[in-house]
Amino acid sequence: GDSVTQMEGPVTLSEEAFLTINCTYTATGYPSLFWYVQYPGEGLQLLLKATKADDKGSNKGFEATYRKETTSFHLEKGSVQVSDSAVYFCALSSGGTSYDKVIFGPGTSLSVIP
Amino acid sequence: DAGITQSPRHKVTETGTPVTLRCHQTENHRYMYWYRQDPGHGLRLIHYSYGVKDTDKGEVSDGYSVSRSKTEDFLLTLESATSSQTSVYFCALQPHSGNTIYFGEGSWLTVV
């Protein structure tokens, strides 16, 4: 079945460091891919998404490119800030609007220190 | 802002008591979901709904029931709360088109 694998962390970086959080997936067909972010004490928020191969999603300085050949959707940011400390979830949806097509990864905890 | 409100946001209850969590939306979206989030388990789906009076079980539905009598409200009930149901519960919804899921802010439930 469909699945999402991501590094679980925790990841600790100094402010202004480069961030990469790896995400790979297994899916039949052509899924849409998402990154969600969860700040302490809050719900998950959509960070960015890509709906087809080679699409790049971007938001708040974060980017991720849908790589079909490597089945990956790695999250990157060139210079992290303390305010980026959160848990990041990779997810896929295999299409349509039914729940059972939406799969979340386990989440990666990021801590950014001044 | 997807217009999702969860209540209560925090609750402490005793083992064996019934508990109902409410999810209210203002956007008239068809699909609604209840998840629980626990350390080491990530997000797990409890129940979901495709419309009024149209619900189905997720992967961890034992001990939970749901009801959706109106489009805007999706209720999650713990019939007899147990300590294993101590968790953070998230409601989510999905617009008619597209497949992005939007989450509420969560309800922290402690069963003592």
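As a reminder, the structure under discussion sits directly above these lines.
Residues numbered from 1 in each chain as written. Chains lettered and ligands numbered in written order. Predicted model: local features only at pLDDT ≥ 70, side-chain atom pairs only at ≥ 80, totals over all residues. Heavy atoms only, no water.

Considering only enclosed or pocket space, the largest pocket measures out at about 400 Å³ in volume. Lining the largest pocket are 21 residues, and of these Q38(A), V87(A), Q37(B), D38(B) and P39(B) sit closest to its centre. Counting residues per element, the ones that place at least two in the lining of the largest pocket are strand 10 (86-93) and strand 12 (108-113) of chain A together with strand 4 (31-38) and strand 9 (87-94) of chain B. Taken together, the residues of the lining of the largest pocket break down into nine nonpolar, nine polar and three charged. (1 Å grid on protein atoms, 1.4 Å probe; cavity = no way out; pocket = protein on both sides within 12 Å on 5 of 7 lines; lining within 4 Å. Points joined across faces, edges and corners; volume = space filled by probe spheres on them. Helix = DSSP H or I, 4+ residues; strand = E, 2+ residues; numbered from the N terminus. Nonpolar A, V, L, I, M, F, W, Y, C, P; charged D, E, K, R; others polar.)

So, on to the interface of chain A and chain B. On the chain B side, the residues contacting the 20 residues of chain A number 22 residues. Summed over both sides, the interface between chain A and chain B buries roughly 1,600 Å², with carbon and sulfur atoms accounting for 57% of that surface. Taken together, the connections running from chain A to chain B amount to zero salt bridges. Where chain A touches chain B, the interface holds three residue pairs in polar contact (both at pLDDT 80 or more). Mapped onto the side of chain A that touches chain B, the elements with two or more residues apiece are strand 5 (32-38), strand 6 (44-50), strand 10 and strand 11 (102-104) of chain A. At four residues, strand 5 of chain A tops the list of elements feeding residues into the side of chain A that touches chain B. (Contact = heavy atoms within 4.5 Å. Buried area = accessible area lost by both parts, 1.4 Å probe. Salt bridge = Lys/Arg side-chain N within 4 Å of Asp/Glu carboxyl O. Polar contact = N/O pair within 3.5 Å; in protein donor to acceptor, adjacent residues only side chain to side chain.)

This next bit is on the state of the cysteines. Within the structure shown, the criterion is met by two disulfides over all chains. The disulfide partner of C23(A) is C90(A), and the S-S distance across this bridge is 1.9 Å. Residues C23(A) and C90(A) are joined through a disulfide that is left-handed, its torsion about the S-S bond being -70°. Placement of C23(A) in strand 4 (residues 23-26) and of C90(A) in strand 10 is noted, with a sequence separation of 67 residues between them. A single burial state applies to C23(A) and to C90(A), both of which are buried. Between the sulfur atoms of C23(B) and its disulfide partner C91(B) the distance amounts to 1.9 Å. (Disulfide = S-S within 2.5 Å. Buried < 20%, exposed > 50% of the residue type's maximum accessible area, 1.4 Å probe, protein only.)

With that settled, the discussion passes to the nonpolar core. Residue and element names in this part refer to chain A. Counting residues in each nonpolar core, the largest one holds 26 residues, and the members touching the most others are W35, L47, L48, F73, L75 and Y88. The element best represented in this core is strand 10, accounting for four residues. In this structure L75 touches L19, T20, I21, W35, L47, L48, F62, E63, A64 and Y88, once residues within four positions along its chain are discounted. (Core = buried A, V, L, I, M, F, W, Y, C linked by side-chain atoms within 4.5 Å.)

On to the sheet that holds strand 3 (residues 19-21) of chain A, then. Residues and elements named next belong to chain A. Pairing within the open sheet is antiparallel, and its four strands lie in the order 3-9-8-7. Either end of the sheet is taken by a strand with one partner, and the two such strands are strand 3 and strand 7 (56-59). Strand after strand, the sheet turns through a mean of 15° between neighbouring axes, direction not considered. Note: strand 7 against strand 8 (residues 62-65), four bridges, orientation antiparallel. Directly across from S58, in strand 8, lies its bridge partner E63. (Pairing = 2+ DSSP bridges. Axes fitted to C-alpha atoms, helices over the stretch in contact; angles between N-to-C directions.)

Residue and element names in this part refer to chain B. Overall, antiparallel pairing links the four strands, which are arranged 1-3-8-7 in an open sheet. At either margin of the open sheet sits one strand with a lone partner, and together these are strand 1 (4-7) and strand 7 (64-70). Averaged over all pairs of adjacent strands, the angle between strand axes in this sheet comes to 20°, irrespective of strand direction. Alignment of strand 7 against strand 8 (residues 73-78), held across five bridges, turns out to be antiparallel. From the neighbouring strand, V66 faces strand 8, where its bridge partner is L76.

Take the environment of G104(B) next. Secondary-structure assignment places G104(B) in the loop between strand 10 (102-103) and strand 11 (107-111). Note on G104(B): relative accessible area 2%, which makes it buried. C-alpha of G104(B) to C-alpha of H24(B): the two residues are 80 residues apart in sequence and 9.3 Å apart in space. Setting aside anything within four residues of it in sequence, one finds G104(B) in contact with G43(A), I4(B), Q6(B), F90(B) and C91(B).

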